[in-house]
Amino acid sequence: MSRLIVISNRVNPPVEEGGGAVGGLAMALAAALREYSGVWFGWSGQTAEGYTGQIAIQRVGGVTVATVDLDEQDRQEYYNGYANKTLWPLFHYRIDLTAYERSFDEGYARVNRRFAETVRPLIEPDDFVWVHDYHLIPLARELRKLGMKNRIGFFLHIPWPARRLLTTLPKHRELVEALFAYDLVGFQTEDSLTAFEDYVVKEAGGAVGAEGAAEAFGLRTRIGAFPIGLDADHFARAAQSPEGRAQFARMQESLAGRQMMVGVDRLDYSKGLEERFLAYEQFLIDNPDEREKVFLLQIATPSRDEVEAYQDIRARLDAVAGRINGAFATVDWVPIRYVNRTYRRDELAGIYRAARIGLVTPLRDGMNLVAKEYVAAQDPDDPGVLILSKFAGAAAQLPEALVVNPFSREDVSEAIRKGLAMSREERISRWTPLMHNVMTQDVAAWRDDFVAALRATERPAAPDPVNDQTPIASAS
Ligand code: GDG
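In this text the structure is predicted, and so the values were computed from the model without any measurement.

## Side note on the packing of aromatic side chains
Phase 1: Evaluated as defined, the whole model comprises 24 aromatic pairs.
Phase 2: Consider the rings of phenylalanine 91 and tryptophan 160, whose centres lie 5.3 Å apart with planes at 75°: the pair is edge-to-face. One end of the pair, phenylalanine 91, is in helix 2 (residues 72–91); the other, tryptophan 160, is in the loop between strand 6 (152–155) and helix 5 (163–166), and 69 residues separate them in sequence.
Phase 3: On the accessibility criterion, phenylalanine 91 (0% relative accessible area) is buried.
Phase 4: A residue is classified by how much of its surface remains accessible, and tryptophan 160, at 2% relative accessible area, is buried.

In structure tokens form, the structure reads like this:
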């Protein structure tokens, strides 16, 4: 069987069963690599003096990983720069935070070229290559330049932005053209897929076909929506594991008869934490009777803290949480428990299970796995209520949640009130289809759908306008 070579910016498979402070991407990829034998290649997270391209190979958590160090300039221009100061904010609709700096463009191109040269010798002719996320959009083009003919797929974990936003990027055409070096380009949602098609047709003068074919720049690729899922069964069991149960019991005890709402996020401006705190404050203002009967546990794991926008959001959250607690707390009640640390995954599962409400209100999110984790961890006989932003990719799959506009304090405040008052019967009837979706559209389904679609692609050179019979139509 052909191997799967996964390439992503960071390589961090979970090191211990149930534990590890890894993100959604890491959990998903480790699950994929255990299924197909293969290699996970990427940056070690370390910097060294000058780029050497020296690969370190290890077995971690049942997965073979191959990592390289970056040099300091690469880290600043590629990782902190183009990836996290340009593409991340732009793709999350924050042009106000987007930096357009030429040195970042150069660093991005350089690291993609270096990655291609370094990983090339690890790849055998019939391997499938699966590249992940916005850090590595030009990678296939660089690999093709080195003569690689393998099938290469790309999956974007974050939203694809609207055409008018994307065109604010000086080199937007080059970025999109690079995607056409892949055989398959996957998005989280139909919404992102449609936004991409809109660019292809209206900006690049290309065309898209009903069967997921896209053509532009004299090149052709296939495109599709592949919503990512959870390692759901595993996560549901984690809530019942000894650590999960212990954490659940600890939370139950600390409730002291109150209801808990929980938020778990990387400390990122896209997650809507400030808006969430303010909406909760609105709830406390609108519902004085509910004060002291409820609290919000917000776990916010520090992230990308070398980037100023992340330092700013952290400082703002400290201030807003402090102000709300100062204004509303009593001698034995604090409205927001704000925690900047990480928990083991099984502990998180126990925390989710103890919460009456899961508050997941990003301003923009590719998918959002926390929403799915909250659902998976619930007690089927007494499940909690998921409040979910309409701007999370997950909202398209989880319509039985209380779907809110995270920019509207009133909307979120109203949903909190409704969630706290919801009968057990209604909670069960909403949770049942949510759980069905989370369990069936899991990470294995995502992986298998993507890999099957990649295997099914045939790599044409450039389209042949005379002999080509594939119907391609303009998108509306
Ligand atoms: C990107 C896209 C897309 C958080 N705190 C702790 C902890 N976490 C874990 C959560 C969850 C993961 O981090 C976060 O995943 P998300 O999906 O919410 O968000 P991103 O990190 O922004 O991921 C996103 C995802 O890629 C996958 O495609 O869904 O839209 O932005 O799993 O549980 N985990 C542990 N301790 C913590 O304290 N163990």
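## A closer look at the sheet that holds strand 3 (residues 56–60)
Phase 1: A sheet is described by the order of its strands in space; here 10 strands give the open sequence 3-4-2-1-5-6-7-10-9-8, paired in mixed fashion. For this open sheet the edge positions go to strand 3 and strand 8 (207–208), each flanked by a neighbour on one side alone.
Phase 2: Across 7 bridges, strand 2 (residues 38–48) lies against strand 4 (residues 63–71) in parallel orientation. Residue valine 39 lies in a different strand from strand 4, and its bridge partner there is threonine 64.
Phase 3: Across the sheet, helix 7 (residues 190–203) lies against strand 7 (184–187), strand 8, strand 9 (213–216) and strand 10 (219–225), angled at about 155° from strand 10, the strand it touches most.

## Let's talk about unusual backbone geometry
Phase 1: Even without a glycine there, the phi angle at glutamate 292 is positive, about 70°.
Phase 2: By the secondary structure assignment, glutamate 292 is in the loop between helix 10 (273–286) and strand 12 (294–301).
Phase 3: For glutamate 292, a relative accessible area of 35% translates into the label partly exposed.
Phase 4: Residue asparagine 368 is not a glycine yet carries a positive backbone phi of 95°.
Phase 5: When you line up the elements, asparagine 368 lands in the loop between strand 14 (357–360) and helix 13 (369–376).

## Some remarks on the nonpolar core
A general feature of soluble globular proteins is that nonpolar side chains tend to end up buried together.
Phase 1: Residues Ile7, Phe115, Trp160, Tyr280 and Leu388 are the most contacted members of the largest nonpolar core, which totals 164 residues.
Phase 2: Residue contributions to this core reach at least three from each of two domains, namely domain 1 (4–229 + 444–456) and domain 2 (238–441).
Phase 3: Ignoring any residue separated from it by four or fewer positions in sequence, one finds leucine 388 in contact with Val360, Ala371, Ala394, Ala395, Leu398, Ala401, Leu402, Val403 and Val404.

About the criteria used
Residues numbered from 1 in each chain as written. Predicted model: local features only at pLDDT ≥ 70, side-chain atom pairs only at ≥ 80, totals over all residues. Heavy atoms only, no water. Phe/Tyr/Trp six-rings, centres within 6.5 Å; stacked < 30°, edge-to-face > 60°. Helix = DSSP H or I, 4+ residues; strand = E, 2+ residues; numbered from the N terminus. Buried < 20%, exposed > 50% of the residue type's maximum accessible area, 1.4 Å probe, protein only. Pairing = 2+ DSSP bridges. Contact = heavy atoms within 4.5 Å. Axes fitted to C-alpha atoms, helices over the stretch in contact; angles between N-to-C directions. Core = buried A, V, L, I, M, F, W, Y, C linked by side-chain atoms within 4.5 Å. Domains from an automatic or database assignment.

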